[in-house]
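Commentary on secondary and tertiary structure
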Amino acid sequence: MTDVIVIGGGPAGMMAAATASLYGKKTILLEKNGRCGRKLAITGKGRCNVTNDCDETVFLENIPTNPKFLNSVIRAFGTQDTKKWFEERGVLLKTERGNRVFPKSDCAQDIVEAMLRACKENGVVFYKKEAESLLCEDGSVQGVLCKDGERLFSHSVIVATGGMSYPLTGSTGDGYRFAQQVGHTIAEIKPSLVPLVSFSEDCRDMQGLSLRNVKAALWDKSTGKVLFQDLGEMLFTHYGMSGPLILSASSHIRIFEPGRYEIRINLKPGLDDKQLDARILRDFAKYANRDFINALLDLLPKKMIPIIVYRSRIPAFTKVNNITKEQRRALFEQIRCFRIPVDGFRPVEEAIITAGGVACNEINPRTMESKLCSGLYFAGEVLDVDGYTGGFNLQIAFSTGYAAGISC
């Protein structure tokens, strides 16, 4: 019999295990892959956006799903606590645009190693085993039944198995099954921070094209409102769109309806209207004797030119010195607002995080303990909470993991 069994060796699980063991609990961490932090090691393109250097109010404003549920845990272990936790363990941090915090080394593995050291130094025992089900009796958790048939008994169990994104790293939805075993409700599982599908042939024609320093806006045509906009990078693919701007935009689509959403791209956000028109005029003067389609290489990426030309309705082989003011305005409009319809999400397996999960009204928001089964706790992505990009989702993992570890 041990005090605590933590199922899952991701950021929430390692934080829970390190915290529980720090406070004197005999702790076992079960990780079916045998290697903890596999998904953590590849986040942020291998750099790891650890947290966001903001206060609690701003943090909660960046949580679209059940932000009130996190109110207690983010105040008990917030963004500054996370920064201090890693710095005390030898990881130097830096803050970049949007208050995003990264290790100075730009190496996510440094974050993984710091968490592993914290667990090992406090006496956490690591088991390479896969949990089959929970052992429960009279409304109380008793331990874990492993797939190899071994029964591990404990006073508490913390489920920190992640969602369903990146299944090759071990996130295969096991935690939802454990939660349902004791009667928990699972909110619909959906992808979030995920590439977007567009049936537009233009995306296929531009596949591989990366746009930098553009402004992308997610437009809800049913309400006429902009749901998200930011400056950054995006990528066209054979299925649609990806890249940081698109992943961020995807998390603002809470209810998908065909034909409702589109991405609008400002290709020259650094120029105001007067400056953009002047820029077009300069290029037209430079290439006055060329055909229109051959006069845009200084202004636009090569793969976009045929598409912009077609959308502007200016005949491709019109001599530039014959283009009218009205035609120039049509080109201006395409550069200022290049539209791509959104026709769906890529599969949840390709999402950075999973939206949905264990219903928050069935969990104690201060301790992360189940209200249906005493001694059972949940932490991290398995819960029905998720945030926008910028370090908010990892902070959810650290805060809920800490709460479960200190309370179990």
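Residues numbered from 1 in each chain as written. Predicted model: local features only at pLDDT ≥ 70, side-chain atom pairs only at ≥ 80, totals over all residues. Heavy atoms only, no water.

Inspection of the entire model under this criterion finds 7 aromatic pairs. When the ring of Phe59 is compared with that of Phe392, the centres are 5.7 Å apart and the planes differ by 55°; the resulting orientation is tilted. Placement of Phe59 in helix H3 (residues 56-61) and of Phe392 in helix H13 (residues 392-407) is noted, with a sequence separation of 333 residues between them. When the centroid spacing of 5.5 Å and the interplanar angle of 65° are considered together, the rings of Phe86 and Phe398 count as edge-to-face. Placement of Phe86 in helix H5 (residues 79-88) and of Phe398 in helix H13 is noted, with a sequence separation of 312 residues between them. With respect to burial, Phe86 and Phe398 carry one shared label: buried. Three or more aromatic residues link up through ring pairs in this structure, and these residues are Trp85, Phe86 and Phe398. Arg311 extends its terminal NZ or CZ atom over the ring of Phe338, reaching a point 4.0 Å from the ring centre. (Phe/Tyr/Trp six-rings, centres within 6.5 Å; stacked < 30°, edge-to-face > 60°. Helix = DSSP H or I, 4+ residues; strand = E, 2+ residues; numbered from the N terminus. Buried < 20%, exposed > 50% of the residue type's maximum accessible area, 1.4 Å probe, protein only. Lys NZ or Arg CZ within 6 Å of the ring centre and 35° of its normal.)

Bringing the pairing of strand E5 (residues 100-103) into the picture now. Summarising the sheet, strand E3 (residues 51-52) and E5 pair through 2 bridges and their orientation is antiparallel. The residue bridging Asn52 from the neighbouring strand is Arg100, located in E5. With 4 bridges connecting them, strand E4 (residues 93-96) and E5 associate as antiparallel partners. Bridge pairing in E5 places Thr95 opposite Val101. (Pairing = 2+ DSSP bridges.)

Now for the sheet that holds strand E11 (residues 196-197). Paired through backbone hydrogen bonds, the strands of a sheet run either parallel or antiparallel to each other. In space, the 7 strands of this open sheet follow the order E16-E15-E12-E13-E14-E11-E17, with antiparallel pairing throughout. Each having just a single partner strand, strand E16 (338-341) and strand E17 (344-345) make up the two edges of the open sheet. Two strands pair when backbone bridges link them, and E11 and strand E14 (residues 240-242) are joined in this way by 2 bridges, in the antiparallel orientation. Within the sheet, the bridge partner assigned to Val197 lies in E14 and is Gly240. Against the sheet, helix H12 (residues 325-336) makes contact with strand E15 (261-266) and E16, and its axis sits at roughly 110° relative to E15, the strand it touches most. (Contact = heavy atoms within 4.5 Å. Axes fitted to C-alpha atoms, helices over the stretch in contact; angles between N-to-C directions.)

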